[in-house]
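# Observations on chain architecture
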Amino acid sequence: MAEKTSKVSNNNNNNSNARYHRRLPQSEVGRTAASSSLSSPSIKSSWLLITILFTAGPSFWLGLQINVNLTGMAAVQCCPCHSSQEHMLRHEFINNNNNNNNNKRDDRDLLQTNVTACQRLLQKCENERREAAAALTGFESQQNKVIPMGKTNNKKNNNDNDDDDDNNTLFDMKQIGKMVAGMAVTSKAGFTQAIDLGVPLDIMDQGSSHVLLLYGHRKTMPDALKTKNDDNRHDFAIEELDFHTAVSKCQSLSVYMMDHKGDIGACHALVPQMASFHVQKWRRMLPRQLNRTTQRFAKSEPFRLSPRSMMDGGTERYPVPKPFHRDLSFSILRDYFVAQNAVLKALKETIQQHVLPYKGRSIIVMMCNHGQSDLLANFVCSARARKLDTSAILVFCTDLETVQLAQSLGLATFYHEAIFESVPAKASVLLGDATYDRMMITKALCVQLVASLGYDFLFQDVDIVWFKHPLRDYFHLPWSQDYDIIFQDDGQHTEKFGPFHANSGFYFARANALTLAFFDAVLFSGDMILSTSSQQQAVAAVLAEHVSLYGLRAKVIERTTWELPTGWHFHRAVNYPYMKQTFLPNKDKDLNKNNSSAVIFHMSWTSGKLDKIKYFLQLGEWFVNDTCFNATFTKQQQQQQRKQQQRQNSNTTKAKVNYSACCLPKAEYKCFFSDKPSLRPCPKYTPKKDGGQSFW
């Protein structure tokens, strides 16, 4: 290469002399100079410096180096007048002055002509230097297919067996060569199609449409990244490859899901250390105060370890449980473990005698107290209106009134005083009140009991209506066999429920050691459920841990599929066009039919039972005669039924009141709010939200 460089340099000097003596036209001189400068080895050397700085230094330092090197190249390659030609002109002037004093005027004219030509050449070179710099900047901004990262000279031929060749990697092998030996990008769509991460995928927009792959060793890099040039150089670049090519030599693949919102304050560090599958999050903030759920940030503060769930505003989504959370959780668990054997025995007998598992192995689990019993009745009535089988359902009733109601609707029930006596019978008023929190722990307890008996099961809340049978038409289809547990997408894609964003009110679990360990861990997280007022947050935290630690195969059905719509679809205006297509009947106006692809509808994202009933009515999905629940039992009737239940000591005692008569043959429809989805327009009604626009 040294000889080749020398020859090119000599040629450039010869060309410079020829241009001077022949006095080429200015356009030809400029074109020849520019061509020489862009093709010379000096340019290639400068490319090396530029691309290395791109990987290692800040953008302003890169720009500075580009300008300095390009300026130097222009002065040497494009403009020989600046040095050699000017010296030659001076030399000729002296000789002519000594030899022929009579021709001074002619020499002066000649000198003036040459100086003018050289000045024009310098100006031409400067203009072309600026154009070349602009073109280089434009080239670096193009990152569609190949993003240049650097070149290295190799004085010997390289091969895959040369483990000690440090010059074939993007980075200095002495620094981080044991972590990263190369890079590539592949489309997120292709990656997630081949690797099912289980999480609901976010929209792939500009800046987050591809996956960055880091290769831990040169041997794991695909051949497409090792192509040699004719001059024995390796061009290393972040190239876009299809997924199968990109990972063709990888034996393992560690996946890190990163926030893609473009946080201007976020940095990411890969530390060479024993591998960890947890993220430590450090923030510039004041010393943490454990008695507060909101911390303060300050740019002048050093980095301090913070909870990974801390939001940008300083709020902790997972506050540390207080002593009273711990005490209450332990109290509930203590009562459960004391009676566990008796409870499991009674539950097993109830399922064997009164539940008809779908295909002999799958049951449907629900939990209800008396305050939510009208929502339970609406679920049963809607299923019967659509002729959907409810024989596989088992309802965990936390009070005797609910036992009687559920049994009158034809459902199998389970009640055990040891674990349900302290559960409030009234409905929760708001999400997170004391009744709600207690019900959330009870929910975790019920599913742990069923998992302990070895049944596949579908758990669902009572604020749900079926359009199809979820076991027969969905979870027992062949696609579900690849997963241990399948969740409905909650819809709220934030760190609170991330990364899976699972809705704990509708999911299917397959009986195995992985799911049993999962439900055990959720139950043992009772203090977290109480401190966050959310069983769903405990599910989110335990789910992420068990997927990583044990390899639990979890799947969350994406909200964009519209197969399992929730309150997120109902309350978000962006979804309203589809809501009209999903819940509006066709031309026959039959309110009992739903012609969409939805399997169920879950009225989540709604605080309070009364609003849920109004929304069901407005959608034409309320199948219960309200008069049945205005005065369900008199005090005397309640006492008589309770005494009868205690005397017979049976979980299957039939109530005297037949609530199945409360089911309407057709769904009832009423308007309440103009800005919420409705079966028909409700223009004369006030919006739920101040200033809300009409749904229609």
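Data block above holds the structure.
Description of the structure in this document.

Rules used in this analysis
- Residue positions are given per chain, counted from 1 along the sequence in the order it is written.
- Where totals are concerned, whole chains, interfaces and linings use all residues; where local detail is concerned, this predicted model gives features only for residues with pLDDT of at least 70, and gives and counts side-chain atom pairs only at 80 or more.
- In computing side-chain properties, one takes all heavy atoms of the structure into account and sets aside hydrogens as well as water.
- Residue burial is assigned from relative accessible area. The probe radius is 1.4 Å, only protein chains are included, and a residue is buried under 20% of its type maximum, exposed over 50%, and partly exposed in between.
- Working definition: helices are DSSP H or I runs of at least four residues, strands are E runs of at least two. Numbering for both runs from the N terminus.
- We call Phe, Tyr and Trp rings a pair once their centres come within 6.5 Å, taking the six-membered ring for Trp, and we label the pair stacked below 30 degrees between planes, edge-to-face above 60, and tilted otherwise.
- A ring is scored as having a charge over it whenever the NZ atom of a lysine or the CZ atom of an arginine sits within 6 Å of its centre and within 35 degrees of its normal.
- Any carboxyl oxygen of Asp or Glu within 4 Å of a side-chain nitrogen of Lys or Arg constitutes a salt bridge here.
- To obtain each axis, a line is fitted to C-alpha atoms, and for helices this fit is confined to the stretch in contact; angles are then taken between N-to-C directions over 0 to 180 degrees.
- Under this scheme an angle from 65 to 115 degrees is roughly perpendicular, one under 35 degrees roughly parallel, and one over 145 degrees roughly antiparallel; angles in between are oblique.
- Here is the rule for handedness: rotate from the far helix to the near one, and if that takes an anticlockwise turn smaller than a right angle the crossing is left-handed, while a clockwise turn gives right-handed.
- We call two residues in contact whenever any of their non-hydrogen atoms come within 4.5 Å of each other.
- Throughout this entry, Asp, Glu, Lys and Arg are counted as charged residues, while Ala, Val, Leu, Ile, Met, Phe, Trp, Tyr, Cys and Pro are counted as nonpolar. The remaining residues, Gly among them, count as polar.

Our focus in this paragraph is helix 21 (residues 609–619). Since there are 3.6 residues in each turn of an α-helix, residues three or four apart along the chain are aligned in direction. With nine of eleven residues buried, helix 21 is to be regarded as a mostly interior element. Taken together, the buried positions of helix 21 are Lys609, Asp611, Lys612, Ile613, Tyr615, Phe616, Leu617, Gln618 and Leu619. Looking at the residues trailing helix 21, positive phi occurs at Gly620, about 75 degrees.

A complete count under the given rule lists 26 aromatic pairs for this structure. Put simply, the rings of Phe570, Phe601, Tyr615, Phe616, Trp622, Phe672 and Phe673 pair up and form one aromatic cluster. Sitting over the face of the ring of Phe303, Arg284 holds its NZ or CZ atom 4.1 Å from the ring centroid. A cation sits over an aromatic face here: Arg680 above Tyr669, 5.0 Å from the ring centre.

Turning our attention to the pattern of salt bridges. Two side chains that carry opposite charge are able to pair once their charged atoms sit near each other. Under the criterion given, the structure shown has 14 salt bridges. Among the ionic pairs, Asp456 bridges to Arg361, the shortest N-O distance being 3.5 Å. Taken together, the residues span a long stretch of sequence, with Asp456 in strand 10 (residues 456–460) and Arg361 in the loop between helix 10 (323–354) and strand 7 (362–368) at a distance of 95 residues. Residue Arg361 is classed as partly exposed on the basis of its relative accessible area, which comes to 36%. The closest approach of N and O atoms between Arg553 and Asp484, which form a salt bridge, is 2.9 Å. Taken together, the positions of Arg553 in the loop between helix 18 (535–549) and strand 14 (554–557) and Asp484 in the loop between helix 15 (471–475) and strand 12 (485–489) put the pair 69 residues apart, joining distant regions of the chain. By relative accessible area, Arg553 is classed as partly exposed at 39%. Its relative accessible area of 2% is what places Asp484 among the buried residues.

Turning our eyes to something else, we now look at the packing of helix 16 (residues 513–523) against helix 18. For the pair helix 16 and helix 18, the least separation of the axes is 9 Å and the interaxial angle reads 135 degrees. Comparing the axis directions of helix 16 and helix 18 gives the class oblique. The crossing of helix 16 and helix 18 is right-handed. Every residue of helix 18 that contacts helix 16 at Ala517, Phe518, Ala521 and Val522 is listed here: Gln535, Val539, Val542, Leu543 and His546. In terms of residue class, the contact of helix 16 with helix 18 is built from seven nonpolar, two polar and no charged.

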